[in-house]
Amino acid sequence: MRLVLLGPPGAGKGTQATTIAEEFGIVHVATGDIFRGNVGQGTDLGMQAKAYMDRGELVPDQVVIAMVIDRLAEPDAASGFLLDGFPRTVPQAEALEVVLQERDQPLDAVVRFNVSEEELLARLEGRREEEGRTDDDSEVIRKRLVEYRTKTAPLESFYAERGLLHDVDAIGTVEEVSERTLKLLRRLGTS
Ligand code: AMP
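Source: prediction; values computed, not measured.

The rules behind each value
Residues numbered from 1 in each chain as written. Predicted model: local features only at pLDDT ≥ 70, side-chain atom pairs only at ≥ 80, totals over all residues. Heavy atoms only, no water. Salt bridge = Lys/Arg side-chain N within 4 Å of Asp/Glu carboxyl O. Helix = DSSP H or I, 4+ residues; strand = E, 2+ residues; numbered from the N terminus. Buried < 20%, exposed > 50% of the residue type's maximum accessible area, 1.4 Å probe, protein only. 1 Å grid on protein atoms, 1.4 Å probe; cavity = no way out; pocket = protein on both sides within 12 Å on 5 of 7 lines; lining within 4 Å. Points joined across faces, edges and corners; volume = space filled by probe spheres on them. Nonpolar A, V, L, I, M, F, W, Y, C, P; charged D, E, K, R; others polar.

A.B. asks: Just checking my understanding: could you explain the pattern of salt bridges for this structure?
C.D. replies: Where charged atoms from two side chains of opposite charge come close, those side chains can pair. Scanning the model with the defined rule gives 13 salt bridges in all. Among the ionic pairs, R112 bridges to E156, the shortest N-O distance being 2.7 Å. Here the residue R112 occupies a position in strand 4 (residues 109–114), and E156 occupies one in helix 8 (residues 154–161), the gap between them amounting to 44 residues. For the pair R112 and E156, a shared accessibility class is recorded, and that class is buried.

Below you can see the structure in the form of structure tokens.
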């Protein structure tokens, strides 16, 4: 199974991704986590990404695309993967499509988590308090939501045109949303 999770910051992608990856025995590739890991280790990639992340902006496409292509070339991604936080722009989605076409392994589905903007702001404020993420302060949160609306939301029609887009209502408990998502994916897997 090859999946992409789509949804604004705070929609619960990361939490759901862990459950889905476990359930289907596929690799969970979270670009934000990879960047944070690199920032923590002080690598070149981390230094390149940090300034953008701290401002709530997207890291430039060429940096992210190269990183994801490398990751998907690793052996554990051969039998399936779940992308969480990538693609976030149309050029990223196009690059992914080309790579997967070359491997003759197209995406199976793109799952979009739907949450209202009010709910998102409340969740992101909560996460800032719990996790102390430096990119979760109010101004940065607002910027990240604008980045989502302007650069990432166009992916919804990109994938809808390809017949890959599926919606999950992401309001409710983590368990409720997991249940809805797994139900959808099992149905897709057997159809
Ligand atoms: P996330 O944890 O997915 O919300 O990502 C945290 C931050 O990492 C984002 O606000 C961006 O600065 C950066 N980032 C993660 N994934 C991408 C991506 N696909 N394209 C550009 N920037 C990204």
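Now that the structure has been shown, we can carry on.
A.B. asks: Would you mind showing me how to read the layout of surface pockets here?
C.D. replies: It is a probe the size of a water molecule, rolled over the atoms, that shows where empty space is left. Within this model, the second largest pocket holds a volume of roughly 160 Å³. Looking at the second largest pocket, the residues that line it are A93, L96, E97, L100, Q101, P106, L107, F158, Y159, R162 and L164. Broken down by secondary-structure element, the contributors of at least two residues to the lining of the second largest pocket are helix 5 (90–102) and helix 8. A per-element tally of the lining of the second largest pocket places helix 5 first, with five residues. Residues that form the lining of the second largest pocket fall into these classes: eight nonpolar, one polar and two charged.

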